Structure formats: C-alpha cells, structure tokens
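Remarks on the overall topology
Chain residues, written in single-letter form:
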Amino acid sequence: MHDSTRPYRGRFAPSPTGPLHFGSLVAAVGSYLEARWNRGKWLVRMEDLDRPREAPGASDAILRTIEAYGFEWDGQIVFQSRRGATYGAALKRLEHARAVFPCACTRREISDSTLSAASEPLYPGTCRKGLLPGRSARAMRVRVDNAVIAFEDLLQGRFEQNLAREVGDFIVRRADGLFAYQLAVVVDDFEQSITDVVRGADLLASTPRQILLQRLLGLPTPRYMHLPVAVNQTGEKLSKQTRAAPLTVTEAPGQLWQALRFLGQEPPADLATGKIADVWGWAFVNWRTERIPTRRSIREGEAG
C-alpha cells in the first residue's frame, strides 16, 4: 500500500529516442503541475535503458527543451543507463525468492505457440519448469502464477488485470543482456522515493506488472494517475514512429497553453501569445486536477 503521509515526490521520465513532441509535453505539464500544486518535488529521469533505440544527442536535447519551456526540476538527473548494478541487485533478490526463471525461447517460438489472440503474444510457459535439453538461457522472466492485480488510478478509476491471462510471465532481463523497463522503473521509483506517478494512459496496462514487482521486492506502491494520451487524426499515439512534430522553443507559450487546454484547464486565450512565465504563473494558481478528462486518449489540437 502507498504511504499517504510521505511528502509528495513526482517525476518525468522521457525515453531519449527522439525529440520531445506535444504528447511528451502533456505528460510533463501534468506531472509538473500535480507536483507543484501538492507542494512537492518534481524529478527528471532519463529512461535510456534501450541503447539501440536511443537517438544520438537526444538526452541533452530533451533537457534543453524542458528547461527552455520553463520547467524547473529538483535534484540530480538520473540516467538509467548508469544503473545496471542496482538493477542487477534487484534481479538477484528476485532469483533468491525464486520469483524469476531463465527462458530460452525466441520471439518466433513464442509467437508460434501463443495462447492468446492479443497484439502481444502471451508467453506459453515453456521454460517455467526448467530449460529443455540443449537450450541456453536468453532472458529472465517473472513467474506471474495466478496473480490478479487491481489498483485505483486517481484519474482512470479502478483497473484490474489478470496477469496470467492477459500478460503472461514477463521479461525483466532481455536476451541482449539489457534490463527491462518494468524492473528498472520499479527500482528507480523506490530509490527516488517517488510517491506519485503521473504519466500517459498508454502505460496503464504496464502498471499491474510494476505493482507485482513492488510486492515481490517488498517495495511501497506509489499512487498512479494516467493522463489522456495525445493521438493524431488517425488515432495513433504521437511518437517518433508516427512522425510527431518536435517541440520548438519559439512556440513554447502556445504549446504550453494548448497542453493546459488538452488537460481540461481553461487558460485565457492571450496567454498563448504571451510569455512562458505568464503561462506558468496562471497554471500554478489555477490548476485543478478534477478538470482533467478521464478519457484515455484525445486528438491533438482538441481541448480536453
């Protein structure tokens, strides 16, 4: 259970696969204003675990952009790429508790023997009782057994997931040796004393896996708030893959104003062409969590 007595600590955790876009800005604005409204700290973490997908110079560009947009973070920036030993120690604890097992299966093998018609193949449990003769371990997976995880999202309401039926035994260390996002984010949220995770609703379905890991590692569960995700006109999430336009400093006041409207706030029209400081000044005074839409996605350019 989360501890409501701890001082509020939120975070923004972008992945440096490209420049920030409007969808990134929505998550940053929502998490930042929730932290400031609750008189808390707002930390920045660079989730650069997946080095093959990282765009050269993206981390520095992201930090320059959020600084130019008037965000002020607390403490030191954390880079996941530098924390392999910490994630390794957590994995050792899971191994000691027999909560994980080595897996030799390839993606093709899992896809061919999937137990689900979902978009992501459901792991069939091939290696759960041990590796087959002649096979070598490729990844490490968490044994989900019959876990059903439910939690109350501060915006989306109750969310429940049967991990065995909907996710399957999931990876915490990949075949290429990199630690998986699910493990890293749980360890980092604990070590940074994060009390509140405010992020996009595209990560809502990942939360039960993170809660399971928290329980297995004996860690507290933060409060979660999943904001509407910005999508394009065809309903695709804004991203590098869908060619989302990068944020520019010259458009900062207008983009911040639009992000506030997207999140259900009602900033005066003249702020869109004013100064960045004026937008933030209005937002710090007028931010209201209850105005944020409970929808999981909203088209870019629409008001929430």
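What counts and how
Residues numbered from 1 in each chain as written. Predicted model: local features only at pLDDT ≥ 70, side-chain atom pairs only at ≥ 80, totals over all residues. Heavy atoms only, no water. Helix = DSSP H or I, 4+ residues; strand = E, 2+ residues; numbered from the N terminus. Buried < 20%, exposed > 50% of the residue type's maximum accessible area, 1.4 Å probe, protein only. Areas by Shrake-Rupley, 256 points an atom, 1.4 Å probe, with all protein chains shown as cover. Lys, Arg positive; Asp, Glu negative; His and termini not counted. Charge placed at Lys NZ, Arg CZ, Asp CG, Glu CD. Pairing = 2+ DSSP bridges. Right-handed = clockwise from strand over helix to strand, strands pointing away. Core = buried A, V, L, I, M, F, W, Y, C linked by side-chain atoms within 4.5 Å. Contact = heavy atoms within 4.5 Å. Axes fitted to C-alpha atoms, helices over the stretch in contact; angles between N-to-C directions. Polar contact = N/O pair within 3.5 Å; in protein donor to acceptor, adjacent residues only side chain to side chain. Salt bridge = Lys/Arg side-chain N within 4 Å of Asp/Glu carboxyl O. Expected span 1.5 Å × (residues − 1). Arc of directions from axis to C-beta. Parallel < 35°, antiparallel > 145°, perpendicular 65-115°, else oblique. Left-handed = near helix turned anticlockwise from the far one by under 90°. Nonpolar A, V, L, I, M, F, W, Y, C, P; charged D, E, K, R; others polar.

For the rest of this paragraph, the subject is the overall build of the protein. When helices and strands are counted, the protein shows nine helices and twelve strands. C-alpha extents for the protein along the principal axes are approximately 70 × 40 × 35 Å. Counting only residues that meet the buried cut, the protein has 51% of its 304 residues in that class. Summing over all exposed atoms, the protein offers an accessible surface of approximately 15000 Å²; the carbon and sulfur share of this is 49%. Mean positive and mean negative side-chain charge positions of the protein (41 and 34 charges, respectively) differ by 5 Å.

Another point: the pairing of strand 10 (residues 223-227). Burial within strand 10 is extensive, with five of its five residues counted as buried. Burial along strand 10 is two-sided: Arg223, Met225 and Leu227 and Tyr224 and His226, pointing in opposite directions, are all buried. As judged from the five bridges shared by strand 9 (residues 196-200) and strand 10, these two strands associate in the parallel manner. Among the inter-strand pairings, Val197 is bridged to a residue of strand 10, identified as Tyr224. Tracing the backbone out of strand 9, into helix 7 (residues 207-217) and back to the parallel element strand 10 gives a crossover that is right-handed.

What follows concerns the nonpolar core. Counting 45 residues, the largest nonpolar core has Leu25, Val29 and Phe71 as the members making the most contacts within it. Of all the elements in the fold, those that place two or more residues in this core are helix 1 (22-37), strand 2 (41-46), helix 2 (58-68), strand 10, helix 8 (252-262) and helix 9 (276-286). By residue number, the principal contributor to this core is helix 1, which donates nine residues. If we skip the residues at most four places from it in the chain, Val29 touches Phe71, Leu256, Ala259, Leu260, Leu263 and Trp280. Counting residues in hydrophobic clusters, the runner-up holds 34 residues, among them Leu94, Met140, Val167 and Ile211.

Strand order in this open sheet of three strands is 1-2-3, and the pairing throughout is parallel. Of all the strands in the sheet, the pair left with one neighbour each is strand 1 (9-12) and strand 3 (78-79). Sheet topology places strand 2 next to strand 3; two bridges connect them, and they run parallel. Bridged to Met46 within strand 3 is Phe79.

Pairing is antiparallel in the open sheet, where three strands are placed in the order 4-5-8. One side of each edge strand has no neighbouring strand; the edge strands of this open sheet are strand 4 (100-103) and strand 8 (171-173). Averaged over all neighbouring strand pairs, the angle between strand axes comes to 40°, with direction disregarded. Taken strand by strand, helix 3 (residues 84-96) contacts strand 4, strand 5 (139-142) and strand 8, and its axis lies near 100° from that of strand 4.

Attention now moves to the side chain of Gln265. The residue Gln265 is located in the loop between helix 8 and helix 9 in this model. Within the structure, the side chain of Gln265 is placed 3.1 Å from the backbone oxygen of Leu263, a separation counted as a polar contact. Separated by 3.0 Å, the side chain of Gln265 and the backbone nitrogen of Arg288 make a polar contact. Once residues lying within four places of it in the same chain are set aside, the contact partners of Gln265 are Leu260, Trp282, Asn286, Trp287, Arg288, Arg291 and Ile292.

By the definition in use, this model includes 14 salt bridges. With a closest N to O distance of 2.9 Å, Arg158 and Glu160 form a salt bridge. Judged by its relative accessible area of 57%, Arg158 is exposed. Overlapping salt bridges, with partners in common, bring together Arg11, Arg45, Glu47, Arg83, Asp188, Asp189 and Glu191 in one network.

What follows deals with helix 3. With 13 residues, helix 3 should cover 18 Å at 1.5 Å per step; its first-to-last C-alpha distance of 18 Å lies within 8% of that length. Those residues of helix 3 lying buried are Tyr87, Gly88, Ala90, Leu91 and Leu94. With its buried residues spanning 160° around the axis, helix 3 presents them on a single face. In helix 3, those exposed residues whose orientation departs by more than 90 degrees from the buried face are Ala85, Lys92 and His96. At its buried positions, helix 3 is contacted by strand 4, strand 5, strand 8, helix 6 (181-191) and helix 7. Positive backbone phi, approximately 60°, marks Arg98, located one or two places after helix 3.

Further remarks concern the packing of helix 8 against helix 9. Remark: helix 8 packs on helix 9, axes separated minimally by 8 Å, with the N-to-C direction vectors making an angle of 20°. Taken as axis vectors, helix 8 and helix 9 run roughly parallel relative to one another. Crossing handedness for the pair helix 8 and helix 9: left-handed. The residues of helix 9 that touch helix 8, namely those facing Ala252, Pro253, Leu256, Trp257 and Leu260, are Ile276, Val279, Trp280, Trp282 and Ala283. Within the contact of helix 8 with helix 9, the residues separate by chemical class into ten nonpolar, no polar and no charged.

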